[in-house]
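What follows is the residue order along each chain.
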Amino acid sequence: MVSESKGTSSFMTDFIQQRGGFAVIDGGFATELERHGADLNDPLWSAKCLISSPHLVRRVHLDYLDAGANIIATASYQATIQGFEAKGFSTEEGEALLRKSVEIACEAREIYYDRCTKDSWDYVEGGGSTRRPVLVAASVGSYGAYLADGSEYSGEYGDSVSLETLKDFHRRRVQILAKSGADIIAFETIPNKVEAKAYAELLEEEGIDIPAWFSFNSKDGINVVSGDSILECASIADSCKRVVAVGINCTAPRFIHGLVLSIRKVTDKPVIVYPNSGETYDAEIKQWVESSGVRDEDFVSYVGKWREAGASLFGGCCRTTPNTIREISKVLSNKSSQP
């Protein structure tokens, strides 16, 4: 087993220990925005709401906090300076919108702390108000997410997209988010080895001083979606000093257990898992298609197995809801209180 790097290595481990050995991440974001009436048929996807309806972004954050989330991810997954410029915004306006994504999440956290509503998980868990620690994760989607052609689900960028191309694409965005007030940067839905390497090199080159997590996606339970080995990808994350957790997101629940076991072979860093609901994204029609979609109660039945395999951070991705997160919170809290 590979030991954690020094520096920021204890950040996530300490946070998890404070929470009793586990932490809960939020769930699907764009699908919740749509449920509240947002039209996301746009290359910016959920980032469109930073412009048109920031109040809905705040509302979804609060819904997940009320459901028990310890970590909320910003609405910046598909927010890129290049994407905003393509919509007619200046570079400065694009940078401001990136910062705004973090500001809204931080506002939601403060609102949650101030009101601590009686139907929130803190009340259910403890019978009264407690100031549960909450982290704001600045979400960074892959280059494929910016392309808005579904290639984050294939990792096939073409020969013209090199390591340097990816570093140049992500550089300013990462610089902005690192100084935005977020607690951690979440590099999500990483589809191939070259993009993981680009992120790792960027964190080192830019001297990023906040921690990060790397989360990959898989469609076979063995490799990431490009066909690159999950062992190789997780090893890149393990070798990066700023990375404090490694895991899997936007992957069918049935594949998670085996992937956690694989990741644990190459890293001692905390393992993070937030699968989708088990459905399949069709890039041509830009919709989720039912395949093996699971209900909340079924989804949650996997959590104990994932924890036994070595995962310690749990949440949901596309098509999961605050109800999913509420059930995960209940299951984990019950398990941690058992003798």
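Residues numbered from 1 in each chain as written. Predicted model: local features only at pLDDT ≥ 70, side-chain atom pairs only at ≥ 80, totals over all residues. Heavy atoms only, no water.

By the naming in an unreviewed UniProt entry, the protein chain is Homocysteine S-methyltransferase, taken from Melia azedarach.

Asks: What is the right way to read helix H10 (residues 193-205) from this model?
Replies: A turn of α-helix holds 3.6 residues, and therefore any two residues three or four places apart point the same way. Look at H10: 18 Å from first C-alpha to last across 13 residues, which is about the 18 Å you get at 1.5 Å a residue. The backbone nitrogen of glutamate 195 has a side-chain oxygen 2.9 Å away, supplied by the residue at the start of H10, namely asparagine 192. Directly beyond the C-terminal end of H10, a positive phi value near 60 degrees is found at glycine 207. (Helix = DSSP H or I, 4+ residues; strand = E, 2+ residues; numbered from the N terminus. Expected span 1.5 Å × (residues − 1). Polar contact = N/O pair within 3.5 Å; in protein donor to acceptor, adjacent residues only side chain to side chain.)

Asks: Any chance you could explain the packing of aromatic side chains here in plain terms?
Replies: In this description, a pair of aromatic rings is defined by centroid distance and the angle of the planes. Applying the stated criterion across every chain, the model contains twelve aromatic pairs. Measuring from ring centre to ring centre gives 4.8 Å for tyrosine 146 and phenylalanine 169, while their planes differ by 45 degrees; the resulting arrangement is tilted. Within this pair, whereas tyrosine 146 is found in helix H8 (residues 143-147), its partner phenylalanine 169 is found in helix H9 (residues 163-178), the two being separated by 23 residues in sequence. Judged by its relative accessible area of 9%, phenylalanine 169 is buried. Arranged with centres 5.6 Å apart and planes meeting at 5 degrees, the rings of tyrosine 302 and tryptophan 306 form a pair that is stacked. Judged by its relative accessible area of 26%, tyrosine 302 falls in the partly exposed class. Given the relative accessible area of 1%, tryptophan 306 is considered buried. (Phe/Tyr/Trp six-rings, centres within 6.5 Å; stacked < 30°, edge-to-face > 60°. Buried < 20%, exposed > 50% of the residue type's maximum accessible area, 1.4 Å probe, protein only.)

Asks: So what exactly am I meant to see when it comes to empty space enclosed by the protein here?
Replies: A water-sized probe, rolled over the atoms, reveals where empty space remains. Applying the stated criterion across every chain yields a total of two cavities of 30 Å³ or more. The calculated volume of the largest cavity comes to roughly 300 Å³. Lining the largest cavity are 23 residues; nearest its centre among them are Gly27, Phe29, Tyr77, Glu188 and Cys317. Elements supplying a minimum of two residues to the lining of the largest cavity: helix H2 (30-35) and strand E4 (184-190). The residue makeup of the lining of the largest cavity, split by class, is twelve nonpolar, nine polar and two charged. (1 Å grid on protein atoms, 1.4 Å probe; cavity = no way out; pocket = protein on both sides within 12 Å on 5 of 7 lines; lining within 4 Å. Points joined across faces, edges and corners; volume = space filled by probe spheres on them. Nonpolar A, V, L, I, M, F, W, Y, C, P; charged D, E, K, R; others polar.)

Asks: Got a minute to help me understand the pattern of salt bridges in this structure?
Replies: Where side chains of opposite charge bring their charged atoms close, a pairing between them can arise. Applying the stated rule across the entire model yields 14 salt bridges. Two residues, lysine 167 and glutamate 164, come together in a salt bridge whose shortest N-O distance is 3.3 Å. Placement of both lysine 167 and glutamate 164 in helix H9 is noted, with a separation of three residues, approximately one turn of the helix. Note on lysine 167: relative accessible area 3%, which makes it buried. Note on glutamate 164: relative accessible area 42%, which makes it partly exposed. Of the charged contacts, one joins arginine 171 and aspartate 168 as a salt bridge, the two residues approaching to 3.8 Å between their closest N and O atoms. A residue pair is termed a helical-turn pair when its members lie 3 or 4 positions apart in one helix, as arginine 171 and aspartate 168 do in helix H9 at three residues. (Salt bridge = Lys/Arg side-chain N within 4 Å of Asp/Glu carboxyl O.)

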